[in-house]
Amino acid sequence: MSCFSSADESAHYGFSVCMLLEQYRAQLGWAEHGVVELGTGDATAIADVVAGLPDLRVLSYDISESSVAAARANIEARGVTEHYTVELGDFFDQADAAGGPPVSTVISNPPYIPAPDRDILMPELWGGVYGNDLVLQLLKAGYDNVIAAVASYSDPGTTVRTAADLGYRVANFLAMGLDYGVYSSEPKVHDHIRRLCAEGRAWASDDGYMVAVALFTRNPDVPGDRAAQLLRALQV
């Protein structure tokens, strides 16, 4: 089992998380309560965020032993071990064991590659048939604030509608265009993405797609709802 890393995507994710946390610092209250993270990966993006936001504490969970090992090494190399803790285990099991969300804010760059099944080049990146299984599960986990990556080819319409049904608004987001990488350009995956586009469940061009990192919130102190703008931004 290997650790996924994409420089462009990781940089966008880290920058976006940093911007959203900083913009909504007071409302989210993360300086007092910290945040939790679903899926650590190699931890480089969020380790840099933690280094730049000295008041931030992150407790992260990942089911991959190799990812956890790489993450801990990267966190140590950046000197943020006291602020960024990584545990090996299932995020949702840990939340259930604690009797509910211990903090109000969760961050995640979840696996979002859509494919008919997980028999793809890197199964850890499989996000379900439509690519949004993990983000939908995260929205149903009970956190008041969810900062998560949403890909244009992973049925974002259903994600946004489900969030609204659960009482979330899209407070803000940052979107970026990305070229297909090794895993999203795998023929089995790419063909599936084209089918989802034809069905109206995805947006992508022949050579790229959009990813937005969005703040979904149920916090009445966070104003606005940019759900419609988010969906427009994801259209390629």
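Residues numbered from 1 in each chain as written. Predicted model: local features only at pLDDT ≥ 70, side-chain atom pairs only at ≥ 80, totals over all residues. Heavy atoms only, no water.

Re the confidence of the model for the protein
Interpretation of this model should avoid reading the predicted coordinates in detail wherever pLDDT is low.
Okay, so step 1: Considering every residue of the protein, the mean pLDDT works out to 93; 94% of them sit at 70 or more.
Okay, so step 2: Residue range residues 1-5 is modelled with pLDDT below 50. Its contacts to residues more than four positions away, or to other chains, number 17 contacts. (pLDDT = per-residue confidence, 0-100. Contact = heavy atoms within 4.5 Å.)

Description of the pattern of salt bridges
Pairing is possible between side chains of opposite charge, provided their charged atoms come close.
Okay, so step 1: Applying the stated criterion to the full structure yields 6 salt bridges.
Okay, so step 2: One salt bridge in this structure joins D55 and R25, with 3.2 Å as the shortest N-O distance. Here D55, found in the loop between α4 (44-52) and β2 (58-62), pairs with R25, found in helix α2 (residues 25-28); they are 30 residues apart in sequence, far enough to count as distant.
Okay, so step 3: Residue classification places D55 among the partly exposed residues on the basis of a relative accessible area of 40%.
Okay, so step 4: A salt bridge links R78 to D48, with the shortest nitrogen-to-oxygen separation between them at 2.9 Å. A residue pair is termed long-range when its members are at least 10 positions apart, and R78 in the loop between α5 (65-77) and β3 (84-88) and D48 in helix α4 qualify at 30 residues.
Okay, so step 5: Among the charged side chains, a network of salt bridges with common partners joins E22, R25 and D55. (Salt bridge = Lys/Arg side-chain N within 4 Å of Asp/Glu carboxyl O. Helix = DSSP H or I, 4+ residues; strand = E, 2+ residues; numbered from the N terminus. Buried < 20%, exposed > 50% of the residue type's maximum accessible area, 1.4 Å probe, protein only.)

Observations regarding the sheet that holds strand β7 (residues 208-217)
Okay, so step 1: If you walk across this open sheet you meet the 7 strands as β3-β2-β1-β4-β5-β7-β6, and the pairing is mixed. Edge positions in the sheet fall to β3 and β6 (169-179), since each of these pairs with one other strand and no more. For this sheet, the mean angle separating the axes of adjacent strands, direction not counted, is 20 degrees.
Okay, so step 2: Note that strand β4 (residues 105-108) and strand β5 (residues 145-151) share 4 bridges and pair parallel. Counted as the bridge partner of I107 is I147 from β5.
Okay, so step 3: On top of the sheet, α4 reaches β1 (35-38), β2, β3 and β4; it is set at about 150 degrees to β3, its chief contact. (Pairing = 2+ DSSP bridges. Axes fitted to C-alpha atoms, helices over the stretch in contact; angles between N-to-C directions.)

A few points about the nonpolar core
In globular proteins that are soluble, nonpolar side chains generally tend to be buried together.
Okay, so step 1: L21, I46, L56, Y84, I147 and Y153 are the most contacted members of the largest nonpolar core, which totals 48 residues.
Okay, so step 2: By residue number, the principal contributor to this core is α4, which donates 5 residues.
Okay, so step 3: Dropping the residues within four chain positions of it, L21 is found in contact with L28, W30, V35, L53, L56 and I147.
Okay, so step 4: Judged by nonpolar contacts, the second largest core, of 26 residues, contains L138, Y143, V160 and A212. (Core = buried A, V, L, I, M, F, W, Y, C linked by side-chain atoms within 4.5 Å.)

Brief notes about empty space enclosed by the protein
Okay, so step 1: Scanning all chains against the criterion turns up 2 cavities of 30 Å³ or more.
Okay, so step 2: What the largest cavity holds in volume is close to 70 Å³.
Okay, so step 3: Taken together, P110, P111, Y112, G131, N132, V135, A149, V150, A151, S154 and T159 form the lining of the largest cavity.
Okay, so step 4: Here the lining of the largest cavity gets 3 residues from one element, more than from any other, and that element is β5.
Okay, so step 5: Residues belonging to the lining of the largest cavity are distributed by class as follows: 7 nonpolar, 4 polar and no charged.
Okay, so step 6: Lining the second largest cavity are V160, A163, A164, Y168, R169, V170, F216, D225 and A227.
Okay, so step 7: Looking at which element gives the most residues to the lining of the second largest cavity, the answer is helix α8 (residues 156-165), with 3 residues.
Okay, so step 8: Partitioning the lining of the second largest cavity into residue classes produces 7 nonpolar, no polar and 2 charged. (1 Å grid on protein atoms, 1.4 Å probe; cavity = no way out; pocket = protein on both sides within 12 Å on 5 of 7 lines; lining within 4 Å. Points joined across faces, edges and corners; volume = space filled by probe spheres on them. Nonpolar A, V, L, I, M, F, W, Y, C, P; charged D, E, K, R; others polar.)

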